Protein chains: 2
Amino acid sequence: MSQQRQGNTPGNAGAVPAFPDLPEATIARLPEYLRALHHLAESGSETVSSEGLATAAGVNSAKLRKDLSHLGSYGTRGVGYDVALLIDQIEYILGLDQRRAVALVGVGNLGHALAGYDGFASRGFRIVGLFDADVERVGKTINGLPVRHIDELGRAVVEEGITIGVIATPAGAAQGVADELVAAGVTSILNFAPCVLSVPAGVDVRKVDLAIELQILSFHEHRKASLTALPGGRVGGNQEAVGS
Amino acid sequence: MSQQRQGNTPGNAGAVPAFPDLPEATIARLPEYLRALHHLAESGSETVSSEGLATAAGVNSAKLRKDLSHLGSYGTRGVGYDVALLIDQIEYILGLDQRRAVALVGVGNLGHALAGYDGFASRGFRIVGLFDADVERVGKTINGLPVRHIDELGRAVVEEGITIGVIATPAGAAQGVADELVAAGVTSILNFAPCVLSVPAGVDVRKVDLAIELQILSFHEHRKASLTALPGGRVGGNQEAVGS
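Along each chain, numbering runs from 1 in the same order as the chain's sequence is written. All chains are assigned letters beginning at A, and all ligands numbers beginning at 1, according to the order in which they are written. Residue-level local features of this predicted model are given only where pLDDT is at least 70; pairs of side-chain atoms are given and counted only at 80 or more, and the full residue set underlies all totals for whole chains, interfaces and linings. Side-chain metrics rest on all non-hydrogen atoms present in the structure, leaving aside hydrogens and water.

Before going further, it helps to examine the interface of chain A and chain B. Only heavy atoms enter the contact rule, under which two residues are in contact if any of them lie within 4.5 Å. Facing 76 residues of chain A, the contacting portion of chain B comprises 76 residues. Summed over both partners, the accessible surface that disappears when two parts come together, traced with a 1.4 Å probe, is what is meant by buried area. Summing both partners gives a buried area of about 6900 Å² for chain A against chain B, and 62% of it is carried by carbon and sulfur. The rule for a salt bridge is simple: a side-chain nitrogen of Lys or Arg has to be within 4 Å of a carboxyl oxygen of Asp or Glu. Where chain A touches chain B, the interface holds eight salt bridges. The salt bridge involving Glu213(A) is made with Arg206(B); its shortest N-O contact spans 2.8 Å. Each polar contact in these results corresponds to two N or O atoms within 3.5 Å; when the atoms are within protein, one needs to be able to donate a hydrogen and the other to accept it, and residues that are neighboring in sequence are counted only if both atoms are side-chain atoms. Taken together, the connections running from chain A to chain B amount to 30 residue pairs in polar contact (both at pLDDT 80 or more). By definition, any uninterrupted DSSP run of H or I lasting at least four residues is a helix, any uninterrupted run of E lasting at least two residues is a strand, and each is numbered from the N terminus. Residue contributions to the side of chain A that touches chain B peak at 16 residues, all from helix H9 (residues 210–229) of chain A. When residues are grouped by polarity, Ala, Val, Leu, Ile, Met, Phe, Trp, Tyr, Cys and Pro land in nonpolar, Asp, Glu, Lys and Arg in charged, and all others, Gly among them, in polar. A per-class count over the side of chain A that touches chain B returns 40 nonpolar, 21 polar and 15 charged.

All names here are of chain A. Spatial strand order, S5-S6-S4-S3-S7-S8-S9: seven strands in an open sheet with mixed pairing. Only two strands of the sheet have a single partner each, and these edge strands are strand S5 (141–142) and strand S9 (204–207). Only the stretch in contact is used when fitting a helix axis, every axis being a line fitted to C-alpha atoms; angles between N-to-C directions are given from 0 to 180 degrees. Running at roughly 170° to strand S7 (residues 164–167), helix H8 (residues 171–184) makes contact with strand S3 (100–105), S7 and strand S8 (188–191) of the sheet. The criterion for strand pairing is that DSSP finds at least two bridges linking the strands in question.

Bringing the pattern of salt bridges into the picture now. Scanning the model with the defined rule gives 23 salt bridges over all chains in all. Of the charged contacts, one joins Glu32(A) and Arg35(A) as a salt bridge, the two residues approaching to 3.1 Å between their closest N and O atoms. Of this pair, Glu32(A) and Arg35(A) both sit in helix H1 (residues 24–42), three residues apart, which is roughly one turn of that helix. For the pair formed by Glu32(A) and Arg35(A), the shared burial category is buried. A salt bridge links Arg223(A) to Asp204(B); its shortest N-O distance comes to 3.6 Å. Taken together, the residues span two chains, with Arg223(A) in helix H9 and Asp204(B) in strand S9 (residues 204–207). For Asp204(B), a relative accessible area of 17% gives the class buried. Residues participating in the shared-partner salt-bridge network are Asp204(A), Glu221(B), Arg223(B) and Lys224(B). With a 1.4 Å probe rolled over the protein chains alone, any residue whose accessible area is under 20% of its type maximum counts as buried; one over 50% counts as exposed, and the rest are partly exposed.

On to helix H3 (residues 61–70) of chain A, then. Counting along an α-helix, one turn takes 3.6 residues, and residues three or four places apart therefore face a common direction. Residue and element names in this part refer to chain A. When H3 is considered as a whole, its buried residues turn out to be Ser61, Leu64, Asp67 and Leu68. End-on, the buried residues of H3 take up no more than an arc of 120°, which puts them together on one face. Against H1, helix H2 (50–57), strand S2 (81–82) and helix H4 (83–94) lie the buried residues of H3. Structurally, the start of H3 carries an N-cap: the backbone nitrogen of Ala62 is 3.1 Å from a side-chain oxygen of Asn60. Two residues or fewer after H3 comes Gly72, characterised by a positive phi angle close to 85°. Note that the arc is computed from the directions linking the helix axis to the C-beta atoms.

Below, the discussion takes up unusual backbone geometry. When glycine is set aside, most residues are seen to have a negative phi, and most peptide bonds are trans. For Asn143(A), which is not a glycine, the phi torsion comes out positive at approximately 50°. Along the polypeptide, Asn143(A) turns up in the loop between S5 and strand S6 (145–149).

Within the secondary structure layout, Gly144(A) lies in the loop between S5 and S6. Along the chain, Gly144(A) and Ala115(A) lie 29 residues apart, while their C-alpha atoms are 9.7 Å from each other.

Of the pockets and cavities examined, the largest pocket occupies roughly 2200 Å³. Cavities and pockets are defined on a 1 Å grid built over the protein atoms alone: a cavity is a set of grid points where a 1.4 Å probe fits but cannot escape, while a pocket is an open set with protein on both sides within 12 Å along at least five of seven lines, and lining residues are those with an atom within 4 Å of any such point. Around the largest pocket, the lining comprises 48 residues; the ones closest to its centre are Ala28(A), Arg206(A), Ala28(B), Arg206(B) and Glu213(B). Residue assignment for the lining of the largest pocket shows that the elements contributing at least two residues are H1, S9 and H9 of chain A together with helix H1 (24–42), S9 and helix H9 (210–229) of chain B. Looking at the lining of the largest pocket residue by residue, the class counts come to 24 nonpolar, six polar and 18 charged. Grid points are joined across faces, edges and corners, and a volume is the space filled by probe spheres set on the points.

For the pair chain A and chain B, the best superposition has an RMSD of 0.0 Å and corresponds to a rotation of 180° with a translation of 0.0 Å parallel to the axis. Taken together, the rotation and translation relating the two chain copies correspond to the operation of a two-fold axis. When the interface residues of chain A are mapped onto chain B, 99% of them again lie at the interface, so the same face is used by both copies. Here the copies are matched by least squares. The fit uses the C-alpha atoms of residues with pLDDT of at least 70 in both.

In this structure's numbering, the residues bearing the UniProt feature "DNA-binding region" (unreviewed entry) are residues 32–71 of chain A. End C-alpha to end C-alpha, residues 32–71 of chain A measures 15 Å, and it is 72% helix and 5% strand. UniProt positions are given in the numbering used here, feature names are shortened, and annotations may be inferred rather than shown by experiment.

What follows deals with the domain arrangement of chain A. Residue and element names in this part refer to chain A. Where each domain starts and ends comes from a domain assignment, either automatic or drawn from a database. Looking at chain A, the domain boundaries give domain 1 (24–96), domain 2 (99–208) and domain 3 (214–243). Computed from C-alpha coordinates alone, the two centres of domain 1 and domain 2 are separated by 31 Å. In this complex, domain 1 contributes four residues to the contact, which on the side of domain 2 involves six residues. For the domain 1 face of the interface with domain 2, the top three residues by lost area are Arg35, Gly95 and Leu96, together amounting to 79%. Our count for the contact surface shared by domain 1 and domain 2 stands at one salt bridge. A salt bridge links Glu24 to Arg206, with the nearest nitrogen and oxygen atoms 3.9 Å apart. For the side of domain 1 that touches domain 2, a count of residues per class yields one nonpolar, one polar and two charged.

Here it is in structure tokens:
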């Protein structure tokens, strides 16, 4: 009984929080574990060691054990984790059993790619609406879904039970779209526009800024170059050689 | 002299590390500060308070002050930070003065969108090569650049001084592409394929998995729903109501 879904023990509901208050970093790693576990399940594995799962997910095993202990999963000594059970536990915590309805706003290059991205459907989401302000795009079909005018967004959110909005508009339009999504009842936004959105408390925003990812890599390139320039030498000298 | 580029003080190179060993989370926020600072500069601001900059970047001001203190920037009491100077400092640390050459591998839907993404060029990067294994795509032009066959990747990396590779291939092809990039000398990879890449020490990988971002939002949706189901009630009961 080292692995059990929390809150499913009658009469023991107060002993562990039923909905664990997970650290943000742990939440961000759960999808990685899930992907690795699905891969293991497909290849016929019924159990996996913490080391094996950690390697497959690209984290260290101490971190993995700590993350999973937040879910009440400790594995079984000498056996490891039950793959199917751990998939259930993580999908439950992530709420992926619900096949959440997603609206995608903005079908330029990036939005078009997102609308055609198979990874959404296979991992617990349904894109149910595509919206754009450009009348040239309205009425076109992407991946079997028609592009609707942005004016229909609010009603669609309510009628189609949409809880997640994906914004792939230019930066200048993003706040207005976010306001409309929130007004219609959306409580989670994935923002691809390169701007900070202002939303009321209770609305979660995740931002994906592709250039920021490159800038972070640039930092590491710069750091590595500064180490290479004068190995073991004066760090002040390194920096001048690289940064000038 | 509250703001100075570290390592530029002759005879004092040992006092502060010339290339600061920044926490990962700080590195990830520097591009956000930079974007907000450019916006301030464009609107004519010469100085900005830590509160003002924190709001524009969407973080809290204590965190911002701590992040910038790692760069040796403390602002001036009653005045704040010098916008132009802070832009210089952050761009220097991120190595953005180098206009790094980027190779993009895989020009399906997502790769096509990335190849047309203006945000790269405007923020310090040059996509110099597009590559694909599909002969149907080779020879086509995206945003003025021809798509070349993947077999030309290694030579292009060397000849064109490419240090960053962006992988937008299907998961099954990503590791092979990463191996080729690394063999040719690329030391930073931005991976859009939904898989963990295995690379030698000294190579940095950042992963963008769009479905993972949605799954993280799904967790928050699930958490919020569990709070709403029985406000202030038994947490065990909440979870059953939501998760069944």
